[in-house]
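The chain contents come next:
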Amino acid sequence: MTDTPLAFQPLPIPTVPILDQLTRFPVGRIFCIGRNYAEHAKEMGSPAEPIFFMKPAGAVTLEPALPFPPATSDLHHEVELVLALGADARIMASGVGVDLTRRDLQARMKAKSAPWEIGKAFNQSAPIGTLRSGNAPNAGQIQLSVNGEQRQVGDLADMILSADEILDALSRYFTLQPGDLIYTGTPAGVGPLQPGDQVSASIAGLPSLDFSFSQDRDS
Ligand code: MN
C-alpha cells in the first residue's frame, strides 16, 4: 500500500526560521489559548477561564504583505507569545505571533454555541515572527501597534496559565508532538484592522513581527 503513488503532490509543510540557527521549525499543529489574560477576558465579557482551540498548520504565514481576509467587517489583532515544541515535545523555541480573528464571525458562532473555525482558522490567520531558541520568556512586555499607534500592551507575567501550565493542561487532552505551535493568548486592547494597516508586534527579548495588509478588501 505504501508503494502506491500519491494522487497529487502534497502541499509543503510550513516552516519558521529560528534566530541564529541553520535549521527551520517545521509546523505540525497550532493550538491556541483563549482568555489567558484577565484584562482581555474582561474586555470580551468572558470569564477569565482559559479555553483551547486550533488553527490548521497552513494558517502560519511569514509574509510581510498579506491580502485582507475575506468575509469580515471586523478583523481583530491579538498579539501572543508563541511556544514551539521540539523533538522531545518540549519547548525548544518561542516567538511573537498574531492570532488574527474575524470577530464578527466568531461572535456569530459564539451566539449559536457553534465552533469558531470560520472566525479563527482562515487562511493566513496566524502571522508569526522568527523564533528564538531556548526557554520561553515568562515575564516582559508584550505589545502591538497599528500604523505606529500602540493598541495592545501587557506583560507575560500576567498570563493566567504559564507556558508550563499550558503544556500540562493541553497534555490532559492531547499527546503533544514535535512541530506543535501554541499561541498562548492575548493581553487587553484587541481591536479592528483595516485594509492598508501596518501591524508591528513585539515581546521583550524576541524577534519582532511586522506585516501589512493590502489596500483592497476583496469582499
Ligand atoms: Mn487569541
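Residues numbered from 1 in each chain as written. Predicted model: local features only at pLDDT ≥ 70, side-chain atom pairs only at ≥ 80, totals over all residues. Heavy atoms only, no water.

Novice: Looking at this model, I keep getting lost on the sheet that holds strand β3 (residues 29–34). Mind explaining?
Specialist: Within a sheet, adjacent strands bond to each other through the backbone by hydrogen bonds, running parallel or antiparallel. Taken together, the six strands give an open sheet; going across it, the order is β4-β3-β15-β8-β9-β12, and neighbouring strands pair in mixed fashion. Two strands bound the open sheet, and with one partner strand each, they are β4 (51–55) and β12 (132–133). Alignment of strand β8 (residues 79–85) against strand β15 (residues 180–183), held across three bridges, turns out to be antiparallel. Within β15, the residue paired with Leu83 across the bridge is Ile182. (Pairing = 2+ DSSP bridges. Helix = DSSP H or I, 4+ residues; strand = E, 2+ residues; numbered from the N terminus.)

Novice: Quick question: what am I supposed to make of the nonpolar core here?
Specialist: In summary, soluble globular proteins display a tendency toward joint burial of nonpolar side chains. Counting residues in hydrophobic clusters, the biggest one holds 38 residues, and the most contacted among them are Leu100, Ile182, Phe211 and Phe213. Secondary structure elements with two or more residues in this core: β3, β6 (65–68), β8, β9 (91–98), β13 (141–146), α4 (163–171), β17 (198–203) and β18 (209–217). Top element by residues in this core is α4. It accounts for five residues. Setting aside residues no more than four positions away along its own chain, Ile182 makes contact with Phe31, Ile33, Leu81, Val82, Leu83, Leu85, Ile166, Leu167 and Leu170. Membership of the second largest hydrophobic core comes to 20 residues, among which are Val16, Ile30, Cys32 and Leu131. (Core = buried A, V, L, I, M, F, W, Y, C linked by side-chain atoms within 4.5 Å. Buried < 20%, exposed > 50% of the residue type's maximum accessible area, 1.4 Å probe, protein only. Contact = heavy atoms within 4.5 Å.)

Novice: What should I look at first to understand the coordination of the manganese ion in this one?
Specialist: When a metal carries six donors in an octahedron, the ideal angles between them are 90 or 180 degrees, while four donors in a tetrahedron ideally lie at 109.5 degrees. Surrounding the manganese ion are the protein donor atoms Glu78 (OE), Glu80 (OE) and Asp99 (OD), at 2.0 to 2.1 Å. Counting residues between consecutive donors of the manganese ion along the chain gives the motif E-x1-E-x18-D. Of this pair, Glu80 sits in strand β8 while Asp99 sits in the loop between β9 and β10 (101–102), and the two are 19 residues apart along the sequence. (Donors = N, O, S within 2.8 Å, 3.2 Å for Na, K, Ca; no water.)

Novice: Please explain the sheet that holds β6 as it appears in this structure.
Specialist: Overall, mixed pairing links the five strands, which are arranged β6-β18-β17-β13-β14 in an open sheet. Two strands close off the open sheet at either side, each with one partner strand: β6 and β14 (149–155). Pairs of neighbouring strands in the sheet enclose a mean axial angle of 20 degrees, with direction left out of account. Direction of pairing for β13 relative to β14: antiparallel, over a ladder of six bridges. Looking across to β14, one finds that Leu144 is bridged to Gln152. (Axes fitted to C-alpha atoms, helices over the stretch in contact; angles between N-to-C directions.)

Novice: What is the right way to read α4 from this model?
Specialist: Residues spaced three or four apart along an α-helix face the same direction, because each turn holds 3.6 residues. The complete set of buried residues in α4 reads Ala163, Ile166, Leu167, Ala169 and Leu170. Looking down the long axis of α4, one finds its buried residues gathered within 165 degrees of arc, a one-sided arrangement. More than 90 degrees from the buried face of α4, the exposed residues found are Asp164 and Asp168. Looking at the buried positions of α4, the neighbouring elements they touch are β3, β4, β8, β9 and β15. (Arc of directions from axis to C-beta.)

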